[in-house]
Every structure is written in structure tokens, then in C-alpha cells.
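# Summary of the model geometry
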Amino acid sequence: MGFVVLGIDPGSHATGYGVVERDGARLRLLEGSVIRARESMQLADRLELIHRGVSTAIERFSPSSVAVEGIFYGLNARSALLLGHARGVVLLAISQHGLSLHEYSPLEVKKAVVGYGAAQKHQVQKMVKLLLGLSVEPAQDAADAMAVAICHCNSTQWQIARHT
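A brief report on the enclosed structure follows. (Residues numbered from 1 in each chain as written. Predicted model: local features only at pLDDT ≥ 70, side-chain atom pairs only at ≥ 80, totals over all residues. Heavy atoms only, no water.)

## Some remarks on the state of the cysteines
A complete count under the given rule lists 0 disulfides for this structure. No disulfide involves Cys151; its nearest neighbouring cysteine sulfur is the one of Cys153, lying 9.3 Å away. (Disulfide = S-S within 2.5 Å.)

## Description of unusual backbone geometry
Despite not being glycine, Ser62 has its phi angle at roughly 40°, a positive value. Along the chain, Ser62 turns up in the loop between α1 (43-61) and β4 (65-69). (Helix = DSSP H or I, 4+ residues; strand = E, 2+ residues; numbered from the N terminus.)

## Points about the nonpolar core
Counting 23 residues, the largest nonpolar core has Leu6, Ile8, Tyr17, Val54, Val66, Val90 and Ile94 as its most contacted members. Taken together, the elements giving at least two residues each to this core come down to β1 (3-9), β2 (14-23), α1, β4 and α2 (77-96). Residue contacts for Val54: discarding those within four places in its chain leaves Ile8, Ile35, Val90 and Ala93. Among the nonpolar cores identified, the runner-up in size contains 20 residues, and Ala14, Val20, Val113 and Val128 belong to it. (Core = buried A, V, L, I, M, F, W, Y, C linked by side-chain atoms within 4.5 Å. Buried < 20%, exposed > 50% of the residue type's maximum accessible area, 1.4 Å probe, protein only. Contact = heavy atoms within 4.5 Å.)

## Comments concerning the pairing of strand β3 (residues 26-36)
Looking along a regular strand, one sees side chains alternate from face to face of the sheet. Bridge count for β2 against β3 is 10 bridges, and the pairing is antiparallel. Looking at the pairing, Thr15 lines up with Ile35 of β3. Hairpin connection of β2 to β3: 2 residues between the antiparallel strands, including Gly24 at a positive phi of 65°. (Pairing = 2+ DSSP bridges.)

## Observations concerning the packing of helix α4 (residues 121-132) against helix α5 (residues 140-153)
Where α4 contacts α5, the axes come no closer than 9 Å and their chain directions differ by 60°. Classified by the angle their axes make, α4 and α5 are oblique. Relative to α5, α4 is oriented so that their crossing is left-handed. Within the contact between the two elements, α4 uses Lys121, Val124, Gln125, Val128, Leu131 and Leu132 and α5 uses Gln140, Ala143, Asp144, Met146, Ala147 and Ile150. Here the contact of α4 with α5 is composed, by residue class, of 8 nonpolar, 2 polar and 2 charged. (Axes fitted to C-alpha atoms, helices over the stretch in contact; angles between N-to-C directions. Parallel < 35°, antiparallel > 145°, perpendicular 65-115°, else oblique. Left-handed = near helix turned anticlockwise from the far one by under 90°. Nonpolar A, V, L, I, M, F, W, Y, C, P; charged D, E, K, R; others polar.)

## A look at the side chain of Ser55
Following the sequence through the fold, Ser55 ends up in helix α1. Residue Ser55 is classed as buried on the basis of its relative accessible area of 7%. Ignoring anything within four residues of it in the chain, the contact list for Ser55 reads Ala93 and His97.

## Thoughts on the pairing of β1
Here β1 lies mainly inside the structure; 6 of its 7 residues are buried. Pairing geometry for β1 and β2, over 7 bridges, is antiparallel. Of the residues in β2, the one forming a bridge with Gly7 is Gly18. What sits between β1 and β2 in their antiparallel hairpin is a turn of 4 residues. The sheet contact formed by β1 and β4 spans 4 bridges and is parallel. Its bridge partner being in β4, Leu6 is matched across the sheet by Val66.

Structural data, given as C-alpha cells:
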């Protein structure tokens, strides 16, 4: 068995996660999904749902480390604040489970997966499908999280961390 990375793309309504195993040069998807909150849910309930979902994924897969996509700076203030709340509960779940956290900007993730930092969402989905050998393209939020995990699997940080 190789090293398992949990990739997370936080969002206040949809938080994607992807659990990717790296065994040598081979990448394999263990699970990818979206923690989706109903529009009618209060913010506190959405945050609790995200925290519980991330904690459940951590407990089910016991990842070696977790990689989270950083905040996109083009957001308006309200969107950035809501995203900050979602990231906060994700980071709390990671900390509560004693896991190492690695953060990557959207540009770093796109560059690592597609080879181009300004890649479009559909290009990321296509490359995730190809890199993980999937039969269908994953949902956008799940694909973004899988891309974060792939980015970490292929990063210098990961190569150093797995040898310590």
C-alpha cells in the first residue's frame, strides 16, 4: 500500500474531497465526493456538516496527510468570509486528527495537474479523469479536490515528507 492523501476544496455550500493513493508512480482514487449543504441551511449547520464530513473521511481512510486548496483572491468580501468559515472548520477537523496540512493555491493546483495555471474547470476535470484512470469525469467540486490531492502527491513537499 502506498501513501494516502486527502485533498479538499472547501466551500460553504459544496466542499469537495478526494482520497488519492500514491504507490510508486501510480495514482489511484479511493473515493471522491462532495459534502453538499442545502441552500436553506443556516451557516452554522452547514459548517457542522462540513466538519463532520471531513472528519468522517479522515476516520475512514486514515490519510498520511491532507492538502487543501487556498483561497482564491478574486472573491468579493462576503464570499471570501463564507469561504473562510468553511476553511476554518476543515482546518479544525485536520488539526483534531493530528494530521499534517499542506496548502496549495488554485494556480499551483492547475499548473500541477493541467500544466497551465489559468486552466479552466473542465480542463481540470478532464486531466483528473485521465490521471486517475476514471471511466467518467468527476463532478466539478470533487474533481477540484482530487486535483489538490494529485498536486500534493506530485509535490516536492510530499516527496520530502514521505522519507521522514
